[in-house]
Every structure is written in C-alpha cells, then in structure tokens.
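Report on the structure
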Amino acid sequence: MSTDHHHEHSSSASLKRAFILNLSFTIIELVGGLMTNSVAILSDAVHDLGDSLSLGFALWTDRVARVKRADDQSTYGYRRLTLLSSLINALVLVAGSTLILTEALPRLWNPDPPAALGMIGLSVLGILVNGIAVLTTRRGKTLNEKVVSWHLLEDALGWAVVLVGSIVLYFTGWAWIDPLLAVGISVFILFNIVRRIKEIVSLFLQQAPRSIDVNVLRTAIESHPAIDSTHHLHLWSLDGEHHILTVHAVLAADSDDRLYREAKCHIRDTTRKFELNHVTVELEYANENCDLRQTNH
Ligand SMILES: [Zn+2]
Ligand SMILES: [Zn+2]
Ligand SMILES: [Zn+2]
C-alpha cells in the first residue's frame with residue numbers, strides 16, 4: 001500500500017488496523033504458498049509483505065514525528081525518516097522478488113505441480129480481503145486515501161488473475177501457469193520499485209520537487225517592481241511533501257524601507273501559493289556586495 005504519502009492527520013488507529021490485517025494475510029499467504037507449492041501465491045505474498053512493511057513504517061514514523069520534535073541535533077525534525085523507511089522497503093522487495101524469480105524461472109521448464117484447489121481458495125480469500133478494504137477506503141476524500149484505494153483495487157485484480165490461472169490449472173493440469181504468473185507478478189513489483197527508487201534518489205540528491213517549475217517560481221518572485229533579480233535560489237524537498245526554499249533577492253535600485261517590506265510580503269505570498277512552508281529569504285540592496293551573486297549554485 002502506498003502509505004509513503006501519509007499525513008499527520010491519518011488516524012493511527014486505522015493505520016494500525018490495516019497493518020495488522022495486512023500482516024496476518026501476508027503470513028497466511030506465505031504459509032499457504034509453501035503448503036500449495038505455488039510460486040504465484042508466494043510472489044503475491046512478497047508484494048503484500050511490502051504493503052505490510054510500508055504500513056508498519058508509516059505507523060513508526062508517525063509516532064516518531066509526534067513524540068520527537070525537532071531538536072538541536074535534528075533541526076529539521078524527523079520527516080526524512082520516511083526516506084529511510086522507503087529505501088529499506090524497496091530493498092526488501094527487490095530481495096524478495098529476486099528470490100521468487102530464481103525459484104520460478106527454472107520451474108517454467110521443469111514445472112513442479114502446485115495444489116490448484118488450495119490456490120483457488122487462497123485467491124478467493126485474497127479477492128475478499130482486498131475487495132472489502134477497497135470498499136471501506138473508497139469513500140476517502142484525500143489524495144492519499146484515493147491512492148490507497150486504487151492500490152487495493154490493483155491488489156484485488158492481481159488476485160483475480162491468480163484465481164483465473166488457478167482454475168485453468170485445475171482443469172488442464174498445465175503446471176507452467178503457476179511460475180508464469182509468479183514471473184509476471186515479480187516483474188510488475190520490480191518495475192514499480194525502480195520507479196520508487198528513482199523518487200528516493202531524487203530526494204537524496206536534493207533535486208527540486210517535480211511539482212514545482214523552478215523557472216516559473218523564479219519569475220513569479222522577480223515579478224514585483226521592488227525586486228530586481230534573484231540568486232542563490234535553492235529548492236529541495238525533505239520528504240517529497242515538505243519543500244524548502246532558500247533565496248537571495250536584490251531590491252530595485254532606489255528601494256526604501258517601504259519597498260523593502262513590500263518585497264518581503266510579495267515573496268511570502270508568492271511562495272505560499274507554491275505551497276512552500278519553509279522559506280528563507282535574504283534581501284539585498286542593489287549596492288550591497290554579495291559573494292553568492294557570482295556563483296552558479
Ligand atoms: Zn498491495
Ligand atoms: Zn525554519
Ligand atoms: Zn546574495
């Protein structure tokens with residue numbers, strides 16, 4: 001479940017409930033996958049382990065963020081913990097999917113017949129668990145809740161595919177269907193992790209958030225007559241949601257006390273429109289000497 005984008009107001013009671021449900025279901029799948037000798041079920045178990053982990057991490061980072069405020073050592077607080085947990089989560093999924101692939105690929109040529117009837121039962125359970133979860137989250141209004149709901153629907157559809165495969169397997173005895181499903185699911189998981197890792201790396205490299213065009217932001221700041229130019233503009237994101245801006249703004253040549261304050265107000269209003277809540281501005285008079293005017297960072 002993509003709870004990486006959870007907010008402080010997501011109630012931790014519902015998170016805890018979802019975590020316990022997901023974790024129990026993951027354990028059922030792992031045991032069921034081993035008992036039915038089905039790599040398809042096991043690959044879906046890996047996916048659900050990832051969901052459980054991200055829910056567990058969300059619970060943990062929520063608590064840490066609430067209990068541990070910013071202090072003299074971690075002056076930004078602990079928002080970046082979500083980056084760390086996303087990375088751990090991604091690595092666990094890479095390891096799990098790779099393990100499944102090494103088990104499933106040889107089975108394509110040397111099928112090891114799984115217990116089709118058990119697979120059918122587990123798939124029906126998977127559809128029920130995820131389907132009910134979709135129905136309970138569908139009324140959610142926040143973007144986060146919608147993302148979670150969509151994800152759960154995807155999970156339910158994944159189980160529907162496994163169900164169809166198991167039924168075909170049951171009637172035809174084509175054992176290669178099981179590893180084929182496992183390879184498909186694992187590749188899908190890895191494909192999504194690559195996307196997630198790209199986002200994490202971008203945050204680690206302190207790249208500007210994709211939702212904001214730095215040129216548009218710069219132009220908006222410089223649009224006020226009291227502001228002549230800007231430099232030392234740095235925009236990055238703590239966790240993908242909370243962005244940080246630092247900027248030097250040079251005032252117009254004949255600026256006085258009133259224009260100084262107007263410029264400051266303008267920058268505050270502009271950055272608020274871009275939903276930047278952590279902004280540091282340095283205003284300079286035109287005849288000031290700032291070393292950072294010439295540098296390219
Ligand atoms: Zn899932
Ligand atoms: Zn601050
Ligand atoms: Zn400067």
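Residues numbered from 1 in each chain as written. Chains lettered and ligands numbered in written order. Predicted model: local features only at pLDDT ≥ 70, side-chain atom pairs only at ≥ 80, totals over all residues. Heavy atoms only, no water.

**Topic: the coordination of the zinc ion (ligand 1)**
- Coordination of the zinc ion (ligand 1) by the protein involves H47 (NE2), D51 (OD), H151 (NE2), D155 (OD) and D155 (OD), with metal-donor separations of 1.8 to 2.7 Å.
- One chain supplies every donor to the zinc ion (ligand 1), and in sequence these donors are spaced H-x3-D-x99-H-x3-D. In this pair, H47 is assigned in helix 2 (residues 39–67) and H151 in helix 5 (residues 143–172), connecting sequence segments 104 residues apart. Comparing H47 with H151 shows no difference in burial state: the two are buried. (Donors = N, O, S within 2.8 Å, 3.2 Å for Na, K, Ca; no water. Helix = DSSP H or I, 4+ residues; strand = E, 2+ residues; numbered from the N terminus. Buried < 20%, exposed > 50% of the residue type's maximum accessible area, 1.4 Å probe, protein only.)

**With respect to the coordination of the zinc ion (ligand 3)**
- Note on the zinc ion (ligand 3): its protein donors are H231 (NE2), H248 (ND1), E284 (OE) and C290 (SG). The metal-donor distances range over 1.9 to 2.1 Å.
- Considering all four donor atoms around the zinc ion (ligand 3), the spread of angles at the metal, 91 to 118°, places the coordination shape in the tetrahedral class.
- Sequence spacing of the donor residues for the zinc ion (ligand 3), all on one chain, is H-x16-H-x35-E-x5-C. Here H248 lies in strand 2 (residues 243–251) and H231 lies in strand 1 (residues 227–237), a separation of 17 residues in the sequence.
- Given a relative accessible area of 5%, H248 falls into the buried group. (Tetrahedral: all angles 85-135°; square planar, octahedral: opposite > 155°, others 65-115°.)

**Notes on the packing of aromatic side chains**
- All told, the structure shown has six aromatic pairs when counted by the stated rule.
- Here the aromatic rings of Y170 and F171 are separated by 5.1 Å at their centres, their planes lie at 80°, and the arrangement is edge-to-face.
- The partly exposed category is assigned to Y170, whose relative accessible area is 44%. (Phe/Tyr/Trp six-rings, centres within 6.5 Å; stacked < 30°, edge-to-face > 60°.)

**Considerations on the pattern of salt bridges**
- Here the structure, examined in full by the defined rule, presents five salt bridges.
- Between R107 and E103 there is a salt bridge, with its nearest N and O atoms 3.2 Å apart. Residue R107 and its partner E103 are located together in helix 3 (residues 81–109), separated by four residues, close to a single helical turn.
- Take E103: its relative accessible area is 41%, and that puts it in the partly exposed class.
- The partner of E199 in a salt bridge is R196, with the nearest N and O atoms 2.4 Å apart. Here E199 pairs with R196, and both are found in helix 6 (residues 177–204), just three residues apart, close to one helical turn.
- Using a relative accessible area of 30% as the deciding quantity, one classes E199 as partly exposed. (Salt bridge = Lys/Arg side-chain N within 4 Å of Asp/Glu carboxyl O.)

**Things to note about the confidence of the model for the protein**
- On average, the protein scores 88 in pLDDT, and the residues at 70 or more come to 93%.
- Contacts for the low-pLDDT stretch residues 1–9, under 50 throughout, to residues beyond four places or in other chains number 33 contacts.
- Predicted complex metrics record ipTM = 0.73 and pTM = 0.78. (pLDDT = per-residue confidence, 0-100. Contact = heavy atoms within 4.5 Å.)

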